[in-house]
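Letter by letter, the chains look like this.
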Amino acid sequence: MAQISLRNVSKTYKGGVKAVEDVNLGIENKEFLVLVGPSGCGKSTTLRMIAGLEEMTEGKIWIGDRIVNDVPAKDRNIAMVFQNYALYPHMTVFENMSFGLKLRKYPKPEITRRVHEAAEILGIKHLLERRPRQLSGGERQRVALGRAIVRKPLAFLFDEPLSNLDAKMRVQMRTEIHKLRLRLQTTFIYVTHDQTEAMTLGDRIAVMKDGKIHQCADPITIYDKPVNKFVASFIGSPPINLMDGRIIKKEKKYYFDEGKFQVKLVEEMYPTLAPYEGKEIIFGIRPEDIYDKLFVSDAPLENTVRATCEVIEPMGSEVYLHLNSGRHPFIARVGAHDRPEVNRDMDLVLDMSKVHFFDKESEKTIL
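My aim in this report is to walk through the structure given alongside it, one point at a time. (Residues numbered from 1 in each chain as written. Predicted model: local features only at pLDDT ≥ 70, side-chain atom pairs only at ≥ 80, totals over all residues. Heavy atoms only, no water.)

Before going further, it helps to spend a moment on the nonpolar core. Membership of the largest hydrophobic core comes to 47 residues, with the highest contact counts inside it found for Val36, Met97, Leu145, Tyr190 and Val207. When sequence neighbours within four positions are dropped, the list of residues in contact with Leu145 reads Val81, Leu122, Phe158, Met173, Ile177 and Leu180. (Core = buried A, V, L, I, M, F, W, Y, C linked by side-chain atoms within 4.5 Å. Buried < 20%, exposed > 50% of the residue type's maximum accessible area, 1.4 Å probe, protein only. Contact = heavy atoms within 4.5 Å.)

Structurally, the position occupied by Phe82 is in the loop between strand S6 (78–81) and helix H2 (93–103). Taking the C-alpha atoms as reference, Phe82 lies 17 Å from Leu135; in sequence the two are 53 residues apart. Dropping the residues within four chain positions of it, Phe82 is found in contact with Arg48, Leu53, Asp159 and Pro161. (Helix = DSSP H or I, 4+ residues; strand = E, 2+ residues; numbered from the N terminus.)

Further remarks concern helix H5 (residues 167–184). Helix length check: H5 (18 residues) gives 26 Å between terminal C-alpha atoms against 26 Å at 1.5 Å per residue, within 8%. Where H5 is concerned, the buried positions are Met169, Met173, Arg174, Ile177, Leu180 and Arg181. Angularly, the buried residues of H5 cover 145 degrees about the axis, an arc narrow enough to put them on a single face. Exposed and oriented more than 90 degrees from the buried face of H5 are Lys168 and Arg183. On its buried face, H5 is in contact with strand S3 (32–36), helix H3 (108–122), helix H4 (137–149), strand S8 (187–192) and helix H6 (195–201). Backbone geometry just downstream of H5 places Gln185 in the positive-phi region, at approximately 55 degrees. (Expected span 1.5 Å × (residues − 1). Arc of directions from axis to C-beta.)

Attention now moves to the packing of aromatic side chains. For the structure on display, the rule yields 12 aromatic pairs. Ring centres of Phe283 and Phe357 lie 5.4 Å apart, and the angle between their planes is 65 degrees; on these two criteria the pair is classed as edge-to-face. Of the two residues, Phe283 is situated in strand S14 (residues 280–285) and Phe357 in strand S20 (residues 356–359); the sequence distance between them amounts to 74 residues. Comparing Phe283 with Phe357 shows no difference in burial state: the two are buried. Three or more aromatic residues joined by ring pairs form one cluster here, namely Phe32, Phe156, Phe158, Phe188 and Tyr190. Here the guanidinium or amino end of Arg7 rests over the ring plane of Trp62, the centre of that ring lying 4.0 Å away. Residue placement shows Lys279 over the ring face of Tyr276; its charged tip is 6.0 Å from the ring centre. (Phe/Tyr/Trp six-rings, centres within 6.5 Å; stacked < 30°, edge-to-face > 60°. Lys NZ or Arg CZ within 6 Å of the ring centre and 35° of its normal.)

Let's shift gears to the pattern of salt bridges. Side chains bearing opposite charge may pair, as long as their charged atoms lie close to each other. Enumeration according to the criterion identifies 19 salt bridges in this entry. Across the salt bridge formed by Lys11 and Glu54, the nearest N and O atoms sit 3.8 Å from each other. Taken together, the positions of Lys11 in strand S1 (residues 4–13) and Glu54 in the loop between helix H1 (43–51) and strand S4 (58–63) put the pair 43 residues apart, joining distant regions of the chain. Where Arg113 meets Glu110, a salt bridge forms, and the shortest distance between an N and an O atom there is 2.9 Å. Taken together, the residues span about one helical turn, with Arg113 and Glu110 both in helix H3 at a distance of three residues. Among the residues examined, Arg113 registers a relative accessible area of 38% and is labelled partly exposed. One network of salt bridges, in which partners are shared, links Glu110, Arg113, Arg114, Glu117 and Lys152. (Salt bridge = Lys/Arg side-chain N within 4 Å of Asp/Glu carboxyl O.)

Put simply, Ser237 and Pro238 share a cis peptide bond, and its omega is -5 degrees. Residue placement: Pro238 occurs in the loop between helix H8 (229–234) and strand S11 (241–250). For Asn8, which is not glycine, the phi dihedral falls at a positive 55 degrees. With respect to the helices and strands, Asn8 occurs in strand S1. Within the chain, Ala86 stands out as a residue other than glycine whose phi angle is a positive 55 degrees. Residue class for Ala86 comes out partly exposed when judged on its relative accessible area of 34%.

Another aspect to go through is the sheet that holds strand S9 (residues 204–209). If you trace the six strands from one edge of the open sheet to the other, you get S6-S7-S8-S3-S9-S10, paired in mixed fashion. Edge positions in the open sheet fall to S6 and strand S10 (212–217), since each of these has one partner strand only. Sheet twist, expressed as the mean angle between neighbouring strand axes with direction ignored, is 15 degrees. Running over the sheet, H4 touches S6 and strand S7 (155–159) and is turned about 170 degrees from S6. (Pairing = 2+ DSSP bridges. Axes fitted to C-alpha atoms, helices over the stretch in contact; angles between N-to-C directions.)

Structure representation (structure tokens):
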């Protein structure tokens, strides 16, 4: 069993800098958990404390049924895969993969069996006699994975392992890591700043900022039901559109007034948003929930706004329209066939059933 539990874990550096603050997190056996957030949010520090490479200031960490606060990294039976691969340049692939087993004095036949087994899983048997300088970035990453696999650890910890690869190789390696997880059936904790990696790999995602976990849930919940403005804006590509405005009431109907346009709220929203009447509020809508009115002929006028198309970004199967209401810039993600003229006004339909609202002061989700 490789259940991992962090309880009230904090890390404060000299000078009072808090890298991690009161983190509580439970990772189930065989779960793939992703820690995601901007640079400096504390995700790598959290991972290194689990690995035993960083001392915590407060709290307790369990791996399985034992507290490992005072257990050295080498005795925690977990394997870490680093961003820079950390391969020995003078050793062959075989020697790099077997090095940890040799230190632990495994018999030679067992070492050979484990290395060849891991190399077979990763498709690198033909590289065993090469040295790191003779390998591509993707091949080096596989060797680093192989070195972790041969140990058969309770859990794998990944610290931004794909950040040094080009875009095409990152996509390929994401798939390889997902296949590896399914084959090995053990616990994975994965750190990244790339929300696409987080959404595609994780059973659950823990979104961090300023040393704290703001939300931990499955990817769809994180995307559809963010708990605050930060989570909503960090997860999603292109990011969610955020606009300041206020809630107003006209003829017993509630509207969001952006300043240049007004859109009617769905009636189910009235009880929640009525207390905000006349108050400043933050309105959020994802780019895929904005449509060109030309292709939504039956859309109600109360959901239609006018904006200027400033830039068009063709993305192959879809197009990003960079728009401006006259007060706020925003983005719509539309079909490849939809390419309006640049610097011309166009009518857009907002899917008001999928919008988000955030409190102006606390930035917590209202709706």
